[in-house]
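Descriptive structure summary
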Number of protein chains: 2
Amino acid sequence: MDAATRIEQALERAVGRAAAPGAPPKLAAALRHAVFPGGARVRPQLSLAVARACGDDTPALSDAAAAAIELLHCASLVHDDLPCFDDAELRRGKPTVHAVYGEPLGLLAGDALIVLAFESLAQAGAAMPQRLPALSVTVARAVGVPGGLVAGQAWESEPRPDLARYQRAKTGALFVAASVAGAVAAGADPGPWRGLGERLGEAYQIADDLRDALCTPEELGKPVGRDAALGRPSAVAEFGLEGAGARLQQLLGAAVDAIPAVPGAPELQQLVLLQAKRLTPKRLAPVSVA
Amino acid sequence: MDAATRIEQALERAVGRAAAPGAPPKLAAALRHAVFPGGARVRPQLSLAVARACGDDTPALSDAAAAAIELLHCASLVHDDLPCFDDAELRRGKPTVHAVYGEPLGLLAGDALIVLAFESLAQAGAAMPQRLPALSVTVARAVGVPGGLVAGQAWESEPRPDLARYQRAKTGALFVAASVAGAVAAGADPGPWRGLGERLGEAYQIADDLRDALCTPEELGKPVGRDAALGRPSAVAEFGLEGAGARLQQLLGAAVDAIPAVPGAPELQQLVLLQAKRLTPKRLAPVSVA
């Protein structure tokens, strides 16, 4: 089965467990709305690709790790879109969860997705309990405090955020966790896999900043120019368009170099190259990572 | 070490891990504000008492289970107090998290506490991995969807909520999980412990509804009359003051009867009697549960 199918099926199993008979119908619908249809699923793709490169001896656990990471990503999007943060009406070209279901259900859908991520891990962990503690801690740290996604978002409420720490927490941590969790789920030493996640995470953040500055709302399926409008720290504000573009190119090359020499390395290189193409805004010269 | 000290120390370890150097300072302060000083810690007290009654052979896991349940309870209070729900300024006699730190950090503090609960479980689970899957699933279901706390809150957004299902999800599920998680953390069969949690949970919900209708803001340390003002489903609205009081008395008696015949049963009976006294509003006749 290809990676994309495994990811969608794992997400379907997880959301199906929550949006089951007996669930409040609007919340169940809000959960589906938040997760399907997805974006590029780049984090679970990375997680599953690393698990495969490490032998993938317990596919149910690899799938659950990938799904957990995507559910947490979706949770963060739903909460980031709420009125007290971005107040966004549009996401992936359709109305945001709170725009459709109201603010209370937007907040609750995000909460439910966080819980569902850890429930999915625990459920799959029954088949290989000795891997569950490290796997859950890896995923929790990537989204929690002091260094995960929630901490990253909270730096926006500080008077003098450190750009590097902010971006590492807000975007980088979940990429690192995707890479590390793939290895842990497959019973491999996660150490050699951190570098790949770190570089891809940083590249992704810079690409996101560039797209926010360069793209049209139609191209992105969401409002643009938000960083500048909200005075948020951004690679474009810090390095300029050209500087940020050069840094993106450099990081994608470094990501390819960071892939350990394992049998599955070519598949992973393909994934990074594909992401490189997808991440580069059309208004910048194509990024070469060969 | 007594139960209260174990609970506060476990919570301190968890919050200390999040509010560590490198965390965004305001979020770290908001997390402390949300957890300390606590209320009666009735859910972790129940969890730890059950663990002790079951032998408590892995105290670190029992402590983590109790702490996780309390962290999730605190998370739900922080999110329930937000403007899109209760819009409450006061909780436990002090300003709510969002009243002090603003709405964005209120939302993020709740998210961080959810993550921290599962991180604490996973961290302690390393000592006894084979118990972690069931423990995490128990806790996740109690707060997630379809039947946990978040689902309970979401029933308030439905046009025709079922009162029993709403209360079972919003309050009962976490009491059941507290009881069941105590047994699972101690390696015991959780089956016989559901009944105690169910009855205490229902009693607690009715007591909460009664206090909302009968107490002054000074007695509760938070606004009162919210159920009636917001048109929320409530045992007082459904059964009247007298009917709700009688039901509370009946449930507390049933909770005592539901305690399995184990060596630690007297300690648990004491706990229930103590809660019975605490839960009964002064304006109702004292509840006899002997």
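Residues numbered from 1 in each chain as written. Chains lettered and ligands numbered in written order. Predicted model: local features only at pLDDT ≥ 70, side-chain atom pairs only at ≥ 80, totals over all residues. Heavy atoms only, no water.

1. Concerning the interface of chain A and chain B
Operational definition: By definition, residues are in contact when any of their heavy atoms lie within 4.5 Å. Once two parts are put together, the accessible area they lose, assessed with a 1.4 Å probe and summed over both, is termed the buried area. One side-chain nitrogen of Lys or Arg within 4 Å of one carboxyl oxygen of Asp or Glu is enough to make a salt bridge. A run of DSSP states H or I qualifies as a helix once it reaches four residues; a run of E qualifies as a strand once it reaches two. Both are numbered from the N-terminal end. Classes in brief: Ala, Val, Leu, Ile, Met, Phe, Trp, Tyr, Cys and Pro nonpolar; Asp, Glu, Lys and Arg charged; the others, Gly included, polar.
Opposite the 51 residues of chain A that make contact, chain B presents 51 residues. Here chain A meets chain B over a buried area of about 4300 Å², counting both sides, of which 75% is carbon and sulfur. Scanning the region where chain A abuts chain B turns up two salt bridges. Here Glu119(A) ties to Arg141(B) by a salt bridge, and the two come within 3.6 Å at their closest N and O atoms. Elements that contribute at least two residues to the side of chain A that touches chain B include exactly α1 (3-18), α2 (25-35), α6 (103-125), α7 (132-143) and α8 (149-155) of chain A. Ranked by residues supplied to the side of chain A that touches chain B, first place goes to α6(A) with 14 residues. The class makeup of the residues in the side of chain A that touches chain B is 34 nonpolar, nine polar and eight charged.

2. Structural notes on the pattern of salt bridges
Put simply, the test is: The rule is simple: take the accessible area with a 1.4 Å probe, protein chains only, and divide by the maximum for that residue type; under 20% is buried, over 50% is exposed, in between is partly exposed.
This model, assessed by the stated rule, comprises 34 salt bridges over all chains. Between Arg131(A) and Asp57(A) there is a salt bridge whose closest N-O contact spans 2.9 Å. You can see Arg131(A) sitting in the loop between α6 and α7 and its partner Asp57(A) sitting in the loop between α3 (42-53) and α4 (59-80), a full 74 residues away along the chain. What makes Arg131(A) buried here is its relative accessible area of 14%. Given a relative accessible area of 46%, Asp57(A) falls into the partly exposed group. The salt bridge involving Arg211(B) is made with Asp208(B); its shortest N-O contact spans 3.1 Å. With Arg211(B) and Asp208(B) both in helix α10 (residues 194-214), this residue pair falls three residues apart, about one helical turn. The class for Arg211(B) is buried, based on a relative accessible area of 11%. Residue classification places Asp208(B) among the partly exposed positions, given a relative accessible area of 26%.

3. A closer look at the environment of Val143(B)
Considering the arrangement of structural elements, one finds Val143(B) in helix α7 (residues 132-143). Residues Val143(B) and Leu107(B), spaced 36 residues apart in sequence, show a C-alpha to C-alpha distance of 17 Å. Ignoring anything within four residues of it in the chain, the contact list for Val143(B) reads Val115(A), Leu72(B), Phe118(B), Gly148(B), Leu149(B), Val150(B) and Leu174(B).

4. What about the relation of the copies chain A and chain B?
Applicable threshold: Alignment of the copies relies on least squares applied to C-alpha atoms, considering only residues that score at least 70 for pLDDT in both.
For the pair chain A and chain B, the best superposition has an RMSD of 0.0 Å and corresponds to a rotation of 180° with a translation of 0.0 Å parallel to the axis. Seen this way, the second copy is the image of the first under a two-fold rotation axis. Relative to the rotation axis, the C-alpha of Pro129(A) is the closest in chain A, positioned 2.7 Å from it. Of all interface residues in chain A, 100% are interface residues in chain B too; the two copies therefore contact each other through one and the same surface.

5. Quick look at the packing of aromatic side chains
Residues and elements named next belong to chain A. Cut-off, in case you're wondering: Stacked, edge-to-face and tilted labels apply to pairs of Phe, Tyr and Trp rings (six-membered ring for Trp) whose centres lie within 6.5 Å, assigned for plane angles under 30 degrees, over 60, and everything in between, in that order.
Inspection of every chain in the model, using the stated rule, returns three aromatic pairs over all chains. Residues Phe175 and Tyr204 carry aromatic rings whose centres are separated by 5.1 Å and whose planes lie at 40° to one another, so their mutual orientation is tilted. A residue pair is termed long-range when its members are at least 10 positions apart, and Phe175 in helix α9 (residues 163-185) and Tyr204 in helix α10 (residues 194-214) qualify at 29 residues. The same class applies to Phe175 as to Tyr204, namely buried.

6. What about the environment of Gln269(B)?
All names here are of chain B. Residue position: Gln269 is located in helix α14 (residues 265-279). A sequence separation of eleven residues divides Gln269 from Ala258, and the C-alpha atoms of the two residues are 9.9 Å apart. Leave out the neighbours within four places in its chain, and Gln269 touches Val256 and Ile259.

7. Let's talk about the nonpolar core
Worth spelling out the cut-off: For our purposes a nonpolar core is just a set of buried Ala, Val, Leu, Ile, Met, Phe, Trp, Tyr and Cys residues, chained together by side-chain atoms within 4.5 Å.
Phe118(A), Leu196(A), Leu268(A), Phe118(B), Leu196(B) and Leu268(B) are the most contacted members of the largest nonpolar core, which has 202 residues in total. When sequence neighbours within four positions are dropped, the list of residues in contact with Leu196(B) reads Leu46(B), Val50(B), Ser179(B), Ala255(B), Ala258(B), Ile259(B), Leu268(B) and Val272(B).

8. Topic: unusual backbone geometry
A cis amide bond, omega -15°, links Phe36(A) with the succeeding residue Pro37(A). Look at the link from Val145(B) to Pro146(B): it is a cis peptide, with omega at 15°. Tracing the backbone through its elements, the reader meets Pro146(B) in the loop between α7 and α8 (149-155). Of note, the phi angle at Asp56(A) is positive, near 50°, even though the residue is not glycine. When you line up the elements, Asp56(A) lands in the loop between α3 and α4. Since its relative accessible area comes to 14%, Asp56(A) is described here as buried. Despite not being glycine, Asp87(B) has its phi angle at roughly 50°, a positive value. By the element assignment, Asp87(B) lies in the loop between α4 (59-80) and β1 (90-91). You can call Asp87(B) partly exposed: its relative accessible area is 42%.

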